[in-house]
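Examination of the molecular architecture
As a plain string of letters, each chain reads:
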Amino acid sequence: MCDLRDERVELKKGMRTVPVAEAVGMVLAHDITEIRTGEFKGRAFKKGHIVTAADIEHLRRLGKEHLYVLSIAGDEMHEDEAAYALAGALKGEGIAIQGEPKEGKITLLADRDGLLTVNAPLLARFNLSGEVMCATLHTNTVVRKGDAVAGTRALPLIVKRSAVEAAVALARSAGPALCVREMRAPKAGVVITGNEVYYGRIKDAFAPIITAKVAAFNGEVLGVYYAPDDEETIAARLRELIAAGADLLITSGGMSVDPDDVTRFAIEQLGVVESSYGSAVLPGAMVMVAYVSAEARRNGGDRSAEAREEGGDRLIPVIGIPACGMYHKTTVFDLILPRILAGERIGRKELAELGHGGLCLNCRECRFPLCPFGK
């Protein structure tokens, strides 16, 4: 005569019943609840728990003589083991793994303050496998140490080892998929341009805004100069700031197409290695990003861009902010400054790519960066 319990097999793929004493090393297919009258009611063992010898007596006290379990073959992995493997492959510098997996998911944290960088094409390929997943914050998000930046897991409770190994190899093939880059604390030099400010016709509003934004990255403003709409004067003030030790130059105003707007031409006088004018961002379409060779300026030389690069000259970024920076709380400046401080070279391509998500909604109450702008 057949035992009815023997027929209670393959209730669903991979699941079977076994005597509790024979379940060591097997995976629970469901939660097991414990009730202690007047004291506790809740989960004693969670789905996916791997049964140990120490669990047997506890399970028997809960009235369990048989368990629904999932067997793990040699070519398979439990979701927790898979999560560790995936997280280790995805994380780069500045990323840490948070404790143990919870329900098969493991969280990745920022291990330092900095700028989160996500290799989005690699992440998409990783997620296309269908057996694993990883969700992240947007790339170029400023994060603090301890912030959650990503979560990853295998989708099945029991996953083929080959699928996890393939995902791990992919994540490492063009890695890292995720990293948190340190941002340097800038020593900024600021030149406020415009006859209306220089001659006292209107009160300057740029300096306090720029100073506050630099201070937000633990930077300092070495000096704020005011200059009329004159190329030679603006260029001279910028050279003085380089000589004073500025490693970031910021100008405001004079970036439009009016005849008196000469700030970008003054920047070009510095003998820039590279410059890009115009971005696909509103507000901030008329921004300028350039790079100046500090060595060439100090020596008064006029070396070619190639020679300056090969010689290892220190390059000083120059950001020319249009007038919108005075009227809008958040502009293109807020999108590119963290990336520059993280060591990224911002050129025409990077400024063009900002078009997707580059429209500020001018919300009544600005919540940047917790909004779509720049995402």
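Our structure is the block above this text.
Residues numbered from 1 in each chain as written. Predicted model: local features only at pLDDT ≥ 70, side-chain atom pairs only at ≥ 80, totals over all residues. Heavy atoms only, no water.

The tally for this structure, following the rule as stated, stands at 16 salt bridges. A network of salt bridges, in which partner residues are shared, links Glu34, Arg36 and Glu39. (Salt bridge = Lys/Arg side-chain N within 4 Å of Asp/Glu carboxyl O.)

Checked against the element boundaries, glutamate 350 lands in helix H13 (residues 348-353). No salt bridge is formed by the buried glutamate 350. Its closest oppositely charged neighbour is lysine 349, at 4.8 Å. Residues in contact with glutamate 350, not counting those within four places in the same chain, are Arg339, Glu344 and Arg345. (Helix = DSSP H or I, 4+ residues; strand = E, 2+ residues; numbered from the N terminus. Buried < 20%, exposed > 50% of the residue type's maximum accessible area, 1.4 Å probe, protein only. Lys, Arg positive; Asp, Glu negative; His and termini not counted. Contact = heavy atoms within 4.5 Å.)

Below, the discussion takes up the sheet that holds strand S8 (residues 105-110). Strand order across the open sheet formed by 4 strands is S7-S8-S12-S10, with antiparallel pairing between neighbours. Both edges of this open sheet fall to strand S7 (95-102) and strand S10 (132-136), since each of them pairs with a single strand only. Ignoring which end each strand starts from, the neighbouring axes of this sheet average 20° apart. Pairing of S8 with strand S12 (residues 148-154), which is carried by 4 bridges, proceeds in the antiparallel orientation. Note on S12: the bridge partner recorded for isoleucine 106 is threonine 152. Docked against the sheet, helix H2 (residues 79-90) engages S7, S8, S10 and S12, running at close to 135° with respect to S12. (Pairing = 2+ DSSP bridges. Axes fitted to C-alpha atoms, helices over the stretch in contact; angles between N-to-C directions.)

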